[in-house]
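Examining the three-dimensional arrangement
In case you want the letters, here they are:
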Amino acid sequence: MSSATALWGDRIAVEVLGGVPLRMYTERPRRVEHLLAFADRWGARPHIVQGERVVTFDVLRHAIGAKARELVALEVGRGARVFLLGWNSPEWIVNFWACLQIGATPVLANGWWSAGELADALVALQPALTLADAHGAAKMPPAWRCGPWAVDTPHAPTAAAPGADTTSLDEEEPAVIIFTSGTSGEPRGVVYPQRYLMGQTLQAEHWFGASTGDLAWCTAAPGWSKSTRNVFIAPWLRGAAAMV
């Protein structure tokens, strides 16, 4: 039995959520970082395809651990907000999962923002750190703290990867912040709880529908909710590859 499979039980009970009784698995992953274990069963299969660059599940898993250690060294901890400002790339995926692994909250900034829109978003959410690619870094106001966008992709783990403090299994704690489109006003950061992203396991199977060996492609920037869910999370859970 894989570690990912072991996270799920088969007993269902009624739990009350917001005053509404719902049937739920009593044994289930409670935090998004637990979903990292899904990569263990896909191993050396391709996960990210970018031109001639192909990155496998196991290489990404090790890269995420290395990046998590780097974030901890930068004193980014549980609950800290980390802006991710960059285009679709393996680096974006590693930075995203590394934040979740240490219990930080990734904030999905929009790469299409102007410098002024970016400055407003930074003031509104006060991130502890921003990870930006070259395009995003060129728009960053100088007063804000930035960390390295680049990631190391070792083929084997070099040390135990840090994880979040899992003493709390509160599924209402923040998992990710995604901005609205701004079509009806200024873009607003919407906080998605752990429970929301955990529910993507069902969405990935029954709506997205990709299977092991399939190739998914989405041209949307990762600052959009559907892009993040369907290009980065759903293929991870289903053993599919994503073209970025």
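The shown structure was predicted, so the numbers you read here are calculated from the model rather than taken from an experiment.

Summed over all chains, the structure comprises 8 salt bridges. When the shortest N-O distance is used, the salt bridge between Arg195 and Glu171 registers 3.5 Å. Highlighted residues: Arg195 in helix H6 (residues 194-198) and Glu171 in the loop between strand S8 (146-147) and strand S9 (174-179), separated in sequence by 24 residues. Among the ionic pairs, Glu172 bridges to Arg195, the shortest N-O distance being 2.7 Å. Here the residue Glu172 occupies a position in the loop between S8 and S9, and Arg195 occupies one in helix H6, the gap between them amounting to 23 residues. Judged by relative accessible area, which is 43%, Glu172 ranks as partly exposed. A network of salt bridges, in which partner residues are shared, links Glu15, Arg28, Glu171, Glu172 and Arg195.

Let us now look at the sheet that holds S8. The 6 strands lie next to each other as S8-S7-S5-S6-S9-S10, forming an open sheet whose pairing is mixed. The sheet is open, and its two edges are formed by S8 and strand S10 (189-193), each paired on a single side. Of the pairings in the sheet, the one linking strand S5 (residues 81-85) to strand S7 (residues 129-132) comprises 4 bridges and is parallel in character. Among the inter-strand pairings, Val82 is bridged to a residue of S7, identified as Leu129. Sitting on the sheet, helix H4 (residues 115-125) is in contact with S5, strand S6 (105-108), S7 and S9, with an inclination near 165 degrees to S5.

As a further point, take the packing of aromatic side chains. Evaluation of the coordinates by the stated rule reveals 8 aromatic pairs. Pairwise contacts between aromatic rings join Trp42, Phe57, Trp92, Phe96, Trp97 and Trp236 into one cluster.

Within the secondary structure, Thr130 sits in strand S7. Sequence-distant contacts of Thr130, defined by excluding residues within four places in its chain, comprise Phe83, Leu122, Met140, Arg145, Cys146 and Gly147.

Taking 1.5 Å as the rise per residue, helix H2 (residues 57-73) with 17 residues should run 24 Å; its terminal C-alpha atoms sit 25 Å apart, in good agreement. Burial in H2 covers these residues: Phe57, Val59, Leu60, His62, Ala63, Ile64, Gly65, Ala66, Lys67, Ala68 and Leu71. In the stretch just after H2, Glu75 is the one whose phi turns positive, near 65 degrees.

Turning our eyes to something else, we now look at the side chain of Glu171. Note on Glu171: relative accessible area 6%, which makes it buried. There is a polar contact of 2.9 Å between the side chain of Glu171 and the side chain of Arg28. The residues touching Glu171, leaving out its near neighbours within four places in the chain, are Arg28, Pro29, Arg30, Pro193, Gln194 and Arg195.

As a further point, take the pairing of strand S2 (residues 20-25). Pairing between strand S1 (residues 12-17) and S2: 6 bridges, direction antiparallel. Bridging from a neighbouring strand, Val14 pairs with Arg23 of S2. In this antiparallel pair of consecutive strands, S1 and S2, the connection spans 2 residues, and Gly18 shows a positive phi of 60 degrees.

Structurally, Ile178 is set in strand S9. Residue class for Ile178 comes out buried when judged on its relative accessible area of 5%. C-alpha separation for the pair Ile178 and Val107, spaced 71 residues apart in sequence, amounts to 6.1 Å.

Attention shifts here to the environment of Gly213. Turning to its location among the elements, Gly213 is positioned in the loop between helix H7 (200-208) and strand S11 (215-217). Take Gly213: its relative accessible area is 68%, and that puts it in the exposed class. Sequence separation between Gly213 and Ala240 is 27 residues, and the spatial gap between their C-alpha atoms is 5.2 Å.

Here we come to the sheet that holds strand S3 (residues 46-50). With mixed pairing, 4 strands are arranged side by side in an open sheet as S4-S3-S12-S11. Either end of the sheet is taken by a strand with one partner, and the two such strands are strand S4 (53-56) and S11. Ignoring strand direction, the axes of neighbouring strands in this sheet form an average angle of 20 degrees. Relative to strand S12 (residues 241-243), S3 runs parallel, the two sharing 2 bridges. Bridged to Val49 within S12 is Met243. Lying over the sheet, H2 contacts S3 and S4, oriented at roughly 75 degrees with respect to S4.

Conventions adopted
- Residues numbered from 1 in each chain as written.
- Predicted model: local features only at pLDDT ≥ 70, side-chain atom pairs only at ≥ 80, totals over all residues.
- Heavy atoms only, no water.
- Salt bridge = Lys/Arg side-chain N within 4 Å of Asp/Glu carboxyl O.
- Helix = DSSP H or I, 4+ residues; strand = E, 2+ residues; numbered from the N terminus.
- Buried < 20%, exposed > 50% of the residue type's maximum accessible area, 1.4 Å probe, protein only.
- Pairing = 2+ DSSP bridges.
- Contact = heavy atoms within 4.5 Å.
- Axes fitted to C-alpha atoms, helices over the stretch in contact; angles between N-to-C directions.
- Phe/Tyr/Trp six-rings, centres within 6.5 Å; stacked < 30°, edge-to-face > 60°.
- Expected span 1.5 Å × (residues − 1).
- Polar contact = N/O pair within 3.5 Å; in protein donor to acceptor, adjacent residues only side chain to side chain.

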